[in-house]
Amino acid sequence: MKKLLSFALALVLCLSAASWAFAADDMSEEANLVFYVMGDAPKDEAVVEEAINAVLKEKFNATIDFQFSTWTDFNQKYNNTLISAGADLIYVANWENYGLNATSGAFLELDELLDTYGAELKELCGEGNLNMCRVNGDLYCIPALWPEYVSLGIKYREDLRAKYDLPYPTTLENIEAYLNGIKAADPSQGLLRPTNTESASSLIIGFDTAYLLADKYAWVAPFGMPYGLAADYDTPADVYDYWFSDDFAEDCKLFKSWADQGFWSKSALSDTNDNEAYDNGLAVAEVAGMNPNKQISSANSFAKDHPDWESAYIAYGENTGVIYPGHATQNGTAILRSSKYPERCMMILNYIMTDEAMNCLVQYGIEGKHYELDADGFYHNLDDSFAYEGFNTWNLRVNEFKLKQPTDVALQAMFDKYAELGAQTKWPNINIWDGFTEDYTDYSAERAAVANVMRQYLAPLQAGLVSDVDAAVEEFRAKVTDAGLEACREGFQEQWADYCEEYNYQ
Amino acid sequence: MKIKDHSSRGFNAMKGVLLTILSLLCVLPFVVIVSGSFTSNIEIITNGFSLLPRGFTVEAYKTIFKTPEDILQAYKMNFYYTGIGTALGLVIITLTAYVISRKEFKYRNTVSFLIYFTTIFGGGMIPWYLMYANVLNLRGTTLAIWFPALVTPFLVILMRTFIVGAVPDAVVESAKIDGAGHWRIFWQIVLPVLGPGLATVGLFQALGYWNDWYRSSMFSTSSQTWSLQFYLYDLVNSTQAMRQMAQYANVNTSDLPTQSVKLAMSVVATGPILILYPFVQRYFVSGITVGAVKG
């Protein structure tokens, strides 16, 4: 499938590359650009676009039309847009396979364009940010310029912790004490609601509880690398084995003891994901897939529905000392190789990201109609036809221009704390792991088999729902080896070593 | 006589009980859906579903009908796609089926094979998409949403079987001897006995169009052209995606109702069909059964 996709891409791109290579951008020709972004269109799409285009038409003789992936089948549609040359500018992200798409030739190399038409933007980005966006040495996207921490952690009920005088859930021992304390004081209270939300699909863990590994190990990838490998943050190139280590068996025993103590349901393996359990008081902590933003959401929800409850957050990195911001490729903008007007695309991108008025217009709509600023300078929405960042253009965020919402104060406080911790690491505030994209085309069959074994054997282990841990660990190791683990590991390690060398993470 | 009476009464009673249970089994899930749609989301999460709504609220419907013009537009588009797709599709399918049912058509085997072939081998999603998006340039048009499904090979074959079964060769031959051309044979000999076939194929075609969301998803560039099913499906998906997206972006997710909204949506999507169904049901049933016996 991947191969077919890259082939189709290459074909389309060759055809279109031929057409633009000969046509230098003629500014007298009106360029109607399509900007492909994620999510649903705001109601006032046309109104805001008209305001944007009034300016762009005059300055660049160009217009942009935002087109939206919607949230249905968005991965498929995103790929369709690439192969059908359906856009000029496009949102990119590591979770939308930025690296793979760049190597397949979907995006245009931006270095020259940036020098010629985006000098201001280049300066604003800085070398460090741009370097993180390079794939095999070439720059394919302009990152968003808002440092954002999505550090994993535990979201818990501070009011209950204080009420029963329990320790802060920082380490695994303290989390256990926190949960046990609540259980002792109020046996009817639900504790955790881990679920099996296709954890195995990333080939790292089998069950959500394994996010807790990020609280124990100072790994470069928060809860481990794919195929049961691991490497410490300080020595990323030095990869070692986790699944076949004693640590792994130890951790599985810990999960079992937690399951036996009734921290989560016996049917956890088949439970469906319940995002709302915590906000409604059915669980007293969430340990998987959390981040500062989700803490803010819960805090807001408590303030509205349960004013006597208090939600707090401890990032696992606070315990392990490994903490870093989101990777530059988490939100970025690329120009499709098939675009007829790459110069105009770069000029406009440069303009949107360096001109405050234009940036605010794109992100927040028309001042006075869609939003207003209060006396303290906070953003307030006036009309939900165009919400905050209504075009979902997280890729066009610029720190200097970003309008603050009242909730951003608490968020910023968390970010500041993490930035300070992150500055003390060996790679100050550098996100190493998320810049890496694995290309598993060559061993996709083995990979699929390993994923199956993980679903069947690793998930119950990490959910603590086996009777004899040692036997189950042995069985898992045997099955996963048979499935072709070695081929996957070899392929992965080779690519990872290249990556570490390219960016000098030794 | 007495014994017979008793047994038939007993039989009737049993029949009544059994059928009541059976119909309850059919209706109850829908009752749960309707009741769930009037229950607050927190109630569903904490206590699960129930037959009667607890903590009655119309919050879910408010969310859906916050912008009634959107859902009305989606309904309108759905009627449009279903109407035009069924009508035009029926004409093309019937004419095609008639042609490949005629023995004197020299290439009928080749043509039948070409039609049949596509039911086994398809080009796959990407070539299909490229065909409509880049070659025919239909992305963003309403044409892209109803055109691709106009002719279904299976229905052509079904219709051909109908024609072969309903119109004996002798009848066509005698019409020909009397001087009738193909148009006359089709309109005056074949079409009049094709009622059940048309009903069956039309029903399949209409259901296919009514329930389609995929083409809207693939080819629409504006929510104005969305079919109803896609409008509702996307509403569900966005509530889900917004939560996941919170991992990557600072989006507010505290106000998204989920379970109750999904249920309310099912009610809104199926409601009109449910109301319409009793009135058209007899045509559907007779169309299918008559067709079954003859075919």
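Since the model is a prediction, treat every value here as computed from it, not as a measurement.

Student: Would you mind going over the overall build of chain B in detail, with residue names and values included?
Tutor: Secondary structure summary: chain B contains 14 helices and 0 strands in total. The helix and strand sequence of chain B, counted from the amino end, reads α-α-α-α-α-α-α-α-α-α-α-α-α-α. Out of the 295 residues in chain B, the part that is buried amounts to 28%. For chain B, long-range pairs separated by at least 24 residues make up 71% of all intrachain contacts whose partners lie at least 6 apart in sequence.

Student: Could you give an account of the sheet that holds strand E7 (residues 153-157) of chain A, naming the residues involved and the relevant values?
Tutor: Paired through backbone hydrogen bonds, the strands of a sheet run either parallel or antiparallel to each other. Residue and element names in this part refer to chain A. Strand order in this open sheet of 3 strands is E10-E7-E11, and the pairing throughout is antiparallel. The outermost strands of the open sheet, each flanked by one partner alone, are strand E10 (285-286) and strand E11 (311-315). In terms of strand pairing, E7 meets E11 through 5 bridges, oriented antiparallel. The partner of Arg157 across the bridge, within E11, is Ser311.

Student: Tell me about the confidence of the model for chain B, and please be specific about residues and values.
Tutor: All names here are of chain B. When pLDDT is averaged along chain B, the result is 81, and 86% of the positions lie at 70 or above. The lowest-confidence element of chain B is helix H14 (residues 259-294), averaging 67 in pLDDT; the highest-confidence one is helix H7 (residues 143-146), averaging 92. Confidence over residues 290-295 falls short of pLDDT 50; this stretch has 11 contacts with residues more than four positions distant or in other chains. Across the assembled chains, the prediction reports ipTM 0.75 with pTM 0.78.

Student: Any details on the pairing of strand E1 (residues 31-37) of chain A? Residues and values, ideally.
Tutor: Residue and element names in this part refer to chain A. Of all 7 residues in E1, 5 are buried; the element is thus mostly enclosed. Taken together, the 7 bridges between E1 and strand E2 (residues 62-68) define a ladder with parallel strand orientation. Each residue of the ladder has a partner; that of Asn32, found in E2, is Thr63.

Student: Could you give me a rundown of the environment of Ile335 of chain A, with the residues and numbers involved?
Tutor: All names here are of chain A. Along the chain, Ile335 turns up in strand E12 (residues 332-335). Residue class for Ile335 comes out buried when judged on the 26 C-beta atoms lying within 10 Å of it. C-alpha separation for the pair Ile335 and Leu108, spaced 227 residues apart in sequence, amounts to 5.7 Å. With near-sequence residues (within four places) excluded, Ile335 lies in contact with Asp88, Leu89, Phe107, Leu108, Leu110, Pro342, Cys345 and Met346.

Student: Please set out the nonpolar core residue by residue, giving values where relevant.
Tutor: Residues and elements named next belong to chain A. In terms of nonpolar packing, the biggest core is built from 81 residues, with Tyr211 and Val450 touching the most fellow members. For this core, the secondary-structure elements that each account for two or more residues are E7, helix H8 (172-185), strand E8 (229-231), helix H9 (246-260), E11, helix H15 (444-462), helix H16 (469-482) and helix H17 (485-502). For this core, the element with the most residues is H15, which contributes 8 residues. Apart from residues lying up to four places away in sequence, Tyr211 is in contact with Leu152, Phe223, Val287, Ala288 and Gly289. Counting 62 residues, the second largest nonpolar core, distinct from the first, contains Tyr91, Leu110, Tyr117 and Cys141.

Student: Account for the sheet that holds E1 of chain A, naming residues and giving values.
Tutor: All names here are of chain A. Sheet architecture is open: 5 strands sit in the order E2-E1-E3-E12-E6, paired in mixed fashion. A strand with exactly one partner marks an edge of an open sheet, and here the two such strands are E2 and strand E6 (142-143). Sheet topology places E1 next to strand E3 (residues 89-92); 2 bridges connect them, and they run parallel. Opposite Phe35, over in E3, you have Leu89 as the bridge partner. The strands touched by helix H12 (residues 342-354) are E1, E2, E3, E6 and E12; relative to E12, the strand with the most contacts, the crossing angle is about 160°.

Student: So what's going on with the domain arrangement of chain A? Which residues, and what values?
Tutor: Entries for chain A in the domain assignment read domain 1 (2-147 + 327-401), domain 2 (150-193 + 274-322) and domain 3 (197-273 + 438-506). The centre of domain 1 of chain A, based on its C-alpha atoms, is set 37 Å off from the matching centre of domain 2 of chain A.

Student: Can you explain unusual backbone geometry? Please cite residues and give values.
Tutor: All names here are of chain A. Unusually for a residue other than glycine, Asp73 sits at a positive phi of about 55°. Mapped onto the elements, Asp73 comes out in the loop between E2 and helix H3 (74-83). Look at Asn97: it is not a glycine, yet its phi comes out positive at around 60°. Secondary-structure assignment places Asn97 in the loop between E3 and helix H4 (98-103). Given 20 C-beta atoms within 10 Å, Asn97 falls into the buried group.

Student: Before we move on, could you go through the domain arrangement of chain B and cite the residues and values that matter?
Tutor: Residues and elements named next belong to chain B. In terms of domain boundaries, chain B breaks down into domain 1 (2-57) and domain 2 (67-294). With 8 residues of domain 1 at the interface, the matching set in domain 2 holds 8 residues. Those elements giving two or more residues to the side of domain 1 that touches domain 2 turn out to be helix H1 (2-37) and helix H2 (41-47). Among the elements that make up the side of domain 1 that touches domain 2, the one with the highest residue count is H1 (4 residues). Taken together, the residues that form the side of domain 1 that touches domain 2 break down as 3 nonpolar, 5 polar and no charged.

Student: Quick one: what's the story with the environment of Phe476 of chain A, residue by residue and with numbers?
Tutor: Residue and element names in this part refer to chain A. Mapped onto the fold, Phe476 is located in helix H16. Between the C-alpha atoms of Phe476 and Val450, which are 26 residues apart in sequence, the distance is 10 Å. Phe476 has contacts with Tyr457, Leu458 and Leu461, leaving out every residue within four places of it along the chain.

Student: How would you sum up helix H8 (residues 153-166) of chain B? Please name residues and give values.
Tutor: Residue and element names in this part refer to chain B. Here H8 spans 20 Å end to end across 14 residues, near enough to the 20 Å set by a 1.5 Å rise per residue. Here H8 has its buried residues at Leu155, Val156, Met159, Arg160, Phe162 and Ile163. Down the axis, H8 shows its buried residues gathered within 160° of arc, on one side only.

Student: If you had to explain the confidence of the model for chain A to someone new, which residues and values would you point to?
Tutor: Detailed reading of the predicted model is not advised wherever pLDDT is low. Per-residue confidence for chain A gives a mean pLDDT of 89; residues scoring 70 or more make up 93%. The low-confidence segment residues 14-23 of chain A, where pLDDT is below 50, has 6 contacts with residues more than four positions distant or belonging to other chains.

Student: Go over the packing of helix H2 (residues 45-60) of chain A against H12 of chain A, please, and point to the residues and values.
Tutor: Residue and element names in this part refer to chain A. As a packed pair, H2 and H12 sit with axes 12 Å apart at the nearest point and diverge in direction by 125°. Judged on the interaxial angle alone, H12 and H2 are oblique. Relative to H12, the crossing made by H2 is right-handed. On the side of H2, the interface is formed by Leu56, Lys59 and Phe60, while H12 contributes Arg344, Met347, Ile348 and Tyr351. Along the lines of polarity and charge, the residues of the contact of H2 with H12 split into 5 nonpolar, no polar and 2 charged.

Student: How would you sum up H16 of chain A? Please name residues and give values.
Tutor: Residues and elements named next belong to chain A. In this model H16 runs 20 Å from its N-terminal to its C-terminal C-alpha over 14 residues, within 8% of the 20 Å that 1.5 Å per residue would give. Those residues of H16 lying buried are Val473, Phe476 and Val480. Looking straight down H16, one finds its buried side chains confined to an arc of 65°; they lie on one side. Residues of H16 that are exposed and point more than 90 degrees away from the buried face comprise Asp470, Ala471, Glu474, Ala478 and Asp482. Where H16 is buried, its residues touch H9, H15 and H17. Gly484 occupies a position one or two residues after H16 and carries a positive phi of about 110°.

Student: So what's going on with the pairing of E3 of chain A? Residues and values would help.
Tutor: All names here are of chain A. Side chains Leu89 and Tyr91 project from E3 onto one buried face, and the interleaved Ile90 and Val92 project onto a second face that is buried too. Of the pairings in the sheet, the one linking E3 to E12 comprises 4 bridges and is antiparallel in character. Paired with Leu89 across the bridge in E12 is Ile335.

Student: So, the packing of H9 of chain A against H16 of chain A: which residues are in play, and what are the values?
Tutor: Residues and elements named next belong to chain A. Contact pair H9 / H16: the axes reach a minimum separation of 10 Å and the direction vectors enclose 130°. As judged from the angle between their axes, H9 and H16 are oblique. The two elements H9 and H16 meet at a crossing, and its hand is right-handed. Taking contact as the criterion, the partners of Phe248, Ala249, Cys252, Lys253 and Lys256 in H9 are, on H16, Val469, Asp470 and Val473. Broken down by class, the residue content of the contact of H9 with H16 amounts to 5 nonpolar, no polar and 3 charged.

Cut-offs used in this document
Residues numbered from 1 in each chain as written. Chains lettered and ligands numbered in written order. Predicted model: local features only at pLDDT ≥ 70, side-chain atom pairs only at ≥ 80, totals over all residues. Helix = DSSP H or I, 4+ residues; strand = E, 2+ residues; numbered from the N terminus. Buried ≥ 20, exposed ≤ 12 C-beta atoms within 10 Å, placed from the backbone. Contact = placed C-beta atoms within 7 Å. Pairing = 2+ DSSP bridges. pLDDT = per-residue confidence, 0-100. Core = buried A, V, L, I, M, F, W, Y, C linked by C-beta atoms within 7 Å. Axes fitted to C-alpha atoms, helices over the stretch in contact; angles between N-to-C directions. Domains from an automatic or database assignment. Nonpolar A, V, L, I, M, F, W, Y, C, P; charged D, E, K, R; others polar. Expected span 1.5 Å × (residues − 1). Arc of directions from axis to C-beta. Parallel < 35°, antiparallel > 145°, perpendicular 65-115°, else oblique. Left-handed = near helix turned anticlockwise from the far one by under 90°.

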